[in-house]
Structures are given as structure tokens and as C-alpha cells.
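Remarks on the overall topology
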Amino acid sequence: MFPLQMQGLTKMSEFGSQDTVSIMARQMKNSFGPYQTTAGDALELLYMGKLSPAEIVRKEHAANQFTLWLLRGAGWLVLFVGFTCMTSFITKLTAWLPLVGTLVSLGVASMNLTLSGTVALIVMALGWLWYRPLAALFMIGVAVMPTIITHMQRQRPHSHTN
């Protein structure tokens, strides 16, 4: 907690003119403290300029969305690297064959990409299952789509034209 007079300049000084800031916090006599939300979070937000409460919430929501997608991307990357490490022996076995090694390497990389995407989507869908079940079911449907397509292609009779 900082006393109000320590929040910024009150007049012109050697540091320059005062700036307008927007604060979202709990006001306690001559200071600010964390505002406890009903969700259990403690908020103390400071933004430059004069912003409405809705604008501050919108900015925080955008920052949270960016962090969320960054974590999702990092999770997918960890899955991809993990699958790549687990399947690296397959590419090593065929690396000494010039064309076969390249084709196997591309196939294994494609498989790793598909598996990591599928597992990442399923994990995200499990997180959404309670709050947004339709979104979770859609994500699970997208995740299993490569398996369904592959199964359907194997079931379909191949026609040969001469």
C-alpha cells in the first residue's frame, strides 16, 4: 500500500509535469490496497491516462487472453517436442537410406504434428467441459477428425482405372 501523495507528482517538478493515471484498487483512507473480487483475485491495476472501469477491464481481459494463448502455444510445443523425442529413433533407423530416410522423417514429423495437436485440443476441451460443454465437444470433434478421416479412407474401396 502506498499513500496517495506517493502515487505521482502533484505539481511541476524537475521530473516533468504530472500524468493522469487510472487506478483500479480498493481505496482505504489515504492509500490504495488490493481489491478482493468475488472470484478470489486481488486486483491492483494502474494504467496511464484517464480510462473508465470498463476500459480497464477490457485491457486486462485482452492481456489475459494473450497470456492464455501463449501458454496454450507453449503447451502444444512441449507436446510436439515430446512426441519428436519419443519417435526420434524411427528417423535414426532410416537416416542412412537417402530417399527412404527423408520420407520416413517427413511422415514421422507429420504424425508428431497431428498427435500433438490432437492431445493439446483434447486437454483444452477437458478444461472447457464444465463451463462451455458445446465448445468442448466441438474441440474434441476437431481433435478426433484426423483419426476419423484416416479410418474412412481405409474403409473405402479403391477403384483402379486402366
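Residues numbered from 1 in each chain as written. Predicted model: local features only at pLDDT ≥ 70, side-chain atom pairs only at ≥ 80, totals over all residues. Heavy atoms only, no water.

A few points about the overall build of the protein chain
The line we're drawing: Working definition: helices are DSSP H or I runs of at least four residues, strands are E runs of at least two. Numbering for both runs from the N terminus. Burial here depends on accessible area, computed with a 1.4 Å probe over protein chains only, as a share of the maximum for the residue type. Under 20% is buried, over 50% is exposed, and the range in between is partly exposed. Whether two residues are in contact is decided by their heavy atoms: any pair within 4.5 Å suffices. The accessible surface values rely on the Shrake-Rupley method and a 1.4 Å probe; as for residues, cover is taken only from the protein chains in view.
If you tally the helices and strands in the protein chain, you get 3 helices and 6 strands. Each helix (α) and strand (β) of the protein chain, taken in turn from the N terminus, gives the series β-β-β-β-β-β-α-α-α. Taking all 162 residues of the protein chain together, the buried fraction comes to 15%. Long-range pairs, those at least 24 residues apart, make up 47% of the contacts in the protein chain between residues at least 6 apart in sequence. Accessible surface, the protein chain: about 13,000 Å² in total, of which carbon and sulfur atoms supply 68%.

Some thoughts on the environment of Leu51
Within the fold, Leu51 resides in the loop between β6 (45-48) and α1 (53-94). For Leu51 and Ser22, which are 29 residues apart along the polypeptide, the C-alpha to C-alpha distance reads 5.8 Å. Leu51 has contacts with Ser22, Ile56 and Lys59, leaving out every residue within four places of it along the chain.

Details of α1
Formally: By definition here, a helix of n residues has an expected span of 1.5 Å times n minus one. Bend at a given residue is defined as the angle between two axes, one fitted to the seven residues that end at that position and one fitted to the seven that begin there.
Compared with the 62 Å implied by 1.5 Å per residue over 42 residues, the 61 Å span of α1 between its first and last C-alpha is a close match. Helix geometry: α1 is bent most strongly at Thr87, by close to 45 degrees. What α1 keeps buried is the set Ile56, Arg72, Phe83, Thr87, Thr91 and Thr94. Check the buried side of α1 and you find it contacts β1 (21-24), β6 and α2 (98-128).

Remarks on the confidence of the model for the protein chain
Spelled out, the test is: Summary of the metric used: pLDDT quantifies the predictor's per-residue confidence within the range 0 to 100.
Residues at a pLDDT of 70 or more form 87% of the protein chain, whose mean pLDDT is 86. Across residues 1-6, where pLDDT falls below 50, the model places 13 contacts with residues more than four positions away in sequence or in other chains.

What to know about the packing of α2 against helix α3 (residues 133-155)
Put simply, the rule reads: Think of each axis as a best-fit line through the C-alpha atoms, taken over the contacting stretch in the case of a helix, with angles from 0 to 180 degrees between the N-to-C directions. Under this scheme an angle from 65 to 115 degrees is roughly perpendicular, one under 35 degrees roughly parallel, and one over 145 degrees roughly antiparallel; angles in between are oblique. Crossing handedness is defined as follows: a turn of the near helix away from the far one that is anticlockwise and smaller than a right angle gives a left-handed crossing, while the clockwise case is right-handed. The classification used treats Ala, Val, Leu, Ile, Met, Phe, Trp, Tyr, Cys and Pro as nonpolar, Asp, Glu, Lys and Arg as charged, and all other residues, Gly among them, as polar.
Where α2 meets α3, the axes come as close as 8 Å, and the angle between the chain directions of the two elements is 165 degrees. Comparing the axis directions of α2 and α3 gives the class roughly antiparallel. Seen along the crossing, α2 lies across α3 with a hand that is left-handed. Residues Thr114, Thr118, Leu121, Ile122, Met124, Ala125 and Trp128 of α2 form the contact with α3, whose own contacting residues are Pro133, Ala136, Met139, Ile140, Val142, Ala143 and Pro146. Class assignment of the residues belonging to the contact of α2 with α3 gives a composition of 12 nonpolar, 2 polar and no charged.

Concerning unusual backbone geometry
A positive phi is found at Lys29, a non-glycine position, where the angle reads about 50 degrees. Here Lys29 shows up in the loop between β2 (26-28) and β3 (31-33). The class for Lys29 is exposed, based on a relative accessible area of 81%.

With respect to α2
Between the first and last C-alpha of α2 there are 45 Å, a value that for 31 residues agrees with the 45 Å anticipated at 1.5 Å per step. Residues of α2 that are buried: Gly101, Val108, Asn112, Ser116, Thr118, Ala120 and Ala125. At its buried positions, α2 is contacted by α1 and α3.

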